[in-house]
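Residues per chain are reported as follows:
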Amino acid sequence: MKPVPGNPYEETEVFIIDGRRTPQLKALGPPGPFHASDLAVGAARQLLLAMPFEPRELDEVIFGCVSSGPDEANIARVIALRLGCGDRVHAMTVQRNCASGMQALDSAAARIASGQADLVLAGGTEAMSHHPVMLDEAMVTWLAGWSKARGLGQHAKMLRKLKPAYLRPVVALLRGLTDPVVGLSMGQTAEQLAEDFGISREAMDRYALRSHQRLVAALEAGYLDEIVPLHDSDGKLHAQDDGLRPDSTLEKLARLKPVFDRPFGKVTAGNSAQVTDGAACLILASARAVERYDLPVLGRLRDCHWAGLEPGRMGLGPVHAMAPIMQRHGLDSSDIDYWEINEAFSAQILACLRAWQDEDFCREALDLPRAFQLIPEDRLNVDGGGISLGHPVGASGARIVLHLLKVLERENARLGMASLCIGGGQGGAMLIERSAS
Amino acid sequence: MNKYFQVEENGDGIVWLTFDTPGKAANVLTADALEEFDTRLVTIAQSHPKGLVIRSGKERGFIAGADVKAFARISTPQEAQELILRAHDILRRLEALSFPTVALIHGFCLGGGLELALACRYRIASTEPDTRLGFPEVRLGIFPGFGGSVRSTRLMGHLAAMELMLSGRSLHPRAAQRLGLVDHALPRRQLNNAARHLILEQPAGRRPPLWQRLAGTALLRPAAAALMRRQVRRRAPRKHYPAPYALIDHWRRHAGHMADMYASEARLVPQLLTGKTAQNLIRVFLLQDELKSQAAASEFHARHVHVVGGGVMGGDIAAWCVLRGLRVTLQDRGPELLGRAVSRAHQLFRKKLRDQYLVRDAMDRLIPDHQGNGLGKADLVIEAIFEDQEAKQALYRNIEPRMKDDAILATNTSSIPLQQLGQGLARPERFLGLHFFNPVAKMPLVEIVTTGDTPGDLVAAASRFTRDIGKLPLPVRSRPGFLVNRVLMPYLMEAVTLLDKGVAAADIDRAATDFGMPMGPVELADTVGLDICLSVAEKLTDMLHGKAPDKLRRRVEQGHLGRKSGQGFYTWVKGRPQREKPTAAPDALAQYGDRMILRLINEAVACLREGIVAGADELDAGIVFGTGFAPFRGGPMHYVREEGAERFFGKLQKLEYTYGERFAPDAGWAQLLEEEQ
């Protein structure tokens, strides 16, 4: 393959050494046992143990996280220090919503490609169960007045102004999953795509069921060895993704009510990604570092592309992001051995697959002469995805790249494509090649 | 002269006097240092400064106390009294200075060091985690003699000060401030500013609350003293530990009158100091220093420790190493076997570290590692799996190739000879035993188990490690039971034999605590676990002259394992044994005590003869710190020498005649008897 202009990593090679992730834990009800930095430390300290270098030999640490806790400002630095990287290893946190984990890999790769770093720990982490519950702005205003009030009279006056509605909590998680510009919830953007591409409820549920079935099969085959078990401080073991529903059936899925566009919508909790807590991390290295520490190489980062599109149809992001990479490298679908496209919603991923082979769409939206070949089912998300194992927003981007590499290794295949749709109307994609060049 | 202190004055009229003993890690108030301090005070007073700040030039502490080594050399009360009167003079000179004085305290400020600080007008303590203030004197069998009993009661109030001196406990800086012992508890960066402020502003000192002052009136002192005695009696009987009782009497008689109180300090402390109890406690304190000093020969510092075996011992060793700042990977066959260790560690960290950031940091350094990835990183690997030679050897075959070439492999075995375990190792010269005791967080001793072939530098490195984690290293030869279990077992088995003969458990325990053991043998066996006692006893059958008593075996078979199962020789309710009041007559108790203690001592003599430890002092130190053997007796061999070997030998012979060969005096007595001639 010839170097193609616009490809940032063609001149200087960026290697992926290895990676680990936590089990993804359902974020329901009360805050989970781990904060976002706990998750990242839990995965990364195991990864670093398996490396022939010490944490303080890293050049830097980059993590993606959409919303860290109030005690985790610049969470990447918190993670670096907690890992024992020492004072000198600097760290930054990156945020590109649902692709923050992939952005961390891209940022790390860019630092390596530019010669500014040789050895970087990069990944993503998200504790969605710890996303804050905030006060209504009217309540904050009232509190400010209360603290200024002096004397019994003024306080009594303030008390009369307090309205029950002020006490309504603002759940940051739900606000975060609502587009801040067009006001649609992510689920509603999926409903839009279902309408655009005529995707049936049954197709969505069928896809969701398959996601669970694939995760079950992967677990039984022991394919998820990148997962490190976590112990919480009570000693309880968290060893597996706990969103998996092995007993799921089409009938059960069909009974669920739509949650975003009630009552006639098609997107349900069953055919959407689960809200979970999790972290994934990888070691990225330059050729120099690989040689110096004699590092085993899992694969190579070949290309990365970010694309913008209409926020109300953000689910098509992967199509917009993958197409330029395919073009740059002169590839068609059959050249890619395995695909990991993040499952935000069944409707969204099915829409991507249809758009990918739709002549009109490819010509009009992507300025391509013709559509791509079909992405075969047995090459896409082969071990399940966001619907069965959840989508901790900041972490998924790193998780799919890591798992894609594991799949390529297992199948002795070469090229892989990882991609995500991004709330706010973006898409991100990475081309991965196994084995050192 | 002029070597302990530096004087500085920066043009603002404030003199900074820095105590910095050359060539030592800590400042100790030796007679020399005190004399120099006095000369310095005279010079400083002549310069009429605005104020004087006394501080330490040591990174880790203010003043660790008076010179305990010198205490051991004092042979007459007169000698001690001279020292004390001189210290009184010097500290009174400090107290009487016309300008304000401030003690700036960081790290340890104990005993004589605290007494010096108390003679200053103000005290400021740093809030660093290792800052501690206290009077440990009672633990050495004396009480504060450099005016401490006078000044502390005046400053903190009678009851608070007496509690502090009687318990010997040390205070965190914030608690010291709450109790009025220091004026401020501040972060280290604010110490100098605060000292300047106090000197320039000269605020009024704090007075103890009214009720504290009332408690010191002549009318109420007798009642308060009676209460204190009752509390002390629970921890330390008068016949074993006279010092706290002497302190209470001293206070009751003289607290109303300062001059009398100084005079009484100077009279009573020398008597205590030259008494048997204090001399023995000082001996034990110095033996502890001896054990510590063995680590000096090595530069080895483990940064990463890998522990194999996530049971109670392995988990607790791992947690302890983490607590002391190391990174630890803990391996067992599956992650599900490591949860209990993680939660126990979390409880330990919360209790010891308190601060949420420190607890989190500790939890981050404790890494459950069921795949053993930490093996390649570890400077020291500690094996703590179940006691099975083949399992251990199979494990070594598996892990040794994954270890760093220069890493140490240590086993926590309590019973399998090292000579056998070490067979087949690629690097036997990096293999030894590190025998921890249960509970790890409480037991200060670690036996460093060696064979004749263990290289000296490995022993030194293991000692260094043991010191680095704040434990006391005792090198022992690898023979069954090593030292501590071996001397403990005959003592415990004799207790079980007495039980077998129908003696009440409470009587047996009382006989042992009367001798000065911290806990009776029956309660100890229940606490350790009867299953563990039985297993150790069976491994030591040869040395015990007979099988483990049936009574013990039966309990274990019935699942009565002691405290952990709620039922052993005692019934345990809420962690306490339910027992009757002792009923046996005093001479019967004395006889039970003899039978148990003599078996322990006889075994100790055998250990000495076999060269299990390097010498009698090491033996005494090991048995005191490993078993809690009545510390005021100075260790079993010291006790034998003091009481006369002849006497013990005779008693053993009589017991052998009555009860059989388990009391047969060991061949080692011949040597002791000879020395006595």
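Everything here concerns the structure above.
What counts and how
- Residues numbered from 1 in each chain as written.
- Chains lettered and ligands numbered in written order.
- Predicted model: local features only at pLDDT ≥ 70, side-chain atom pairs only at ≥ 80, totals over all residues.
- Helix = DSSP H or I, 4+ residues; strand = E, 2+ residues; numbered from the N terminus.
- Buried ≥ 20, exposed ≤ 12 C-beta atoms within 10 Å, placed from the backbone.
- Contact = placed C-beta atoms within 7 Å.
- Rg over C-alpha atoms; globule rule 2.2 N^0.38 Å.
- Pairing = 2+ DSSP bridges.
- Axes fitted to C-alpha atoms, helices over the stretch in contact; angles between N-to-C directions.
- Core = buried A, V, L, I, M, F, W, Y, C linked by C-beta atoms within 7 Å.

Draft legend 1. Summary view of the overall build of chain A. Of regular secondary structure, chain A possesses 15 helices and 14 strands. Oriented by its inertia axes, the alpha-carbon framework of chain A measures out at about 80 × 55 × 40 Å. Looking at the 437 residues of chain A, the share that counts as buried comes to 53%. Put simply, of all contacts in chain A between residues at least 6 apart along the chain, 82% involve residues at least 24 apart.

Draft legend 2. Layout of the overall build of chain B. Secondary structure assignment for chain B yields 29 helices and 20 strands. Over its C-alpha atoms chain B spans a radius of gyration of 27 Å, differing by no more than 12% from the 26 Å that the globule rule assigns to 677 residues. With the C-alpha coordinates aligned to their principal axes, the bounding extent of chain B is approximately 75 × 60 × 50 Å. For chain B, the proportion of its 677 residues judged to be buried stands at 52%. When contacts within chain B are restricted to residue pairs at least 6 apart in sequence, long-range pairs at least 24 apart make up 73% of them.

Draft legend 3. Here's a closer look at the pairing of strand 10 (residues 276-285) of chain A. Residue and element names in this part refer to chain A. Extensive coverage of strand 10 is indicated by the burial of ten of its ten residues. As paired strands, strand 1 (residues 15-21) and strand 10 are joined by six bridges and run antiparallel to one another. Looking at the pairing, Arg-20 lines up with Cys-281 of strand 10. Summarising the sheet, strand 2 (residues 25-26) and strand 10 pair through two bridges and their orientation is antiparallel. Within the sheet, the bridge partner assigned to Leu-25 lies in strand 10 and is Asp-277.

Draft legend 4. Structural view of the sheet that holds strand 15 (residues 408-411) of chain B. Residue and element names in this part refer to chain B. In space, the eight strands of this open sheet follow the order 13-12-11-14-15-16-17-18, with mixed pairing throughout. The two strands at the open ends of the sheet, each matched to only one other strand, are strand 13 (366-368) and strand 18 (472-477). On average, each strand axis in the sheet is tilted by 25° relative to the strand beside it, whichever way the strands run. Bridge analysis of strand 17 (residues 445-450) against strand 18 gives six bridges, and the strand direction is parallel. Looking across to strand 18, one finds that Glu-447 is bridged to Leu-474. Across the sheet, helix 17 (residues 389-399) is in contact with strand 11 (304-308), strand 14 (380-383) and strand 15; its angle to strand 14 comes to roughly 155°.

Draft legend 5. Inspection of the nonpolar core at higher detail. With 342 residues, the main nonpolar core has A:Leu284 and A:Val401 as its most contacted residues. Apart from residues no more than four positions distant in its own chain, A:Val401 is found in contact with A:Met102, A:Leu105, A:Leu282, A:Ala418, A:Met430 and A:Ile432.

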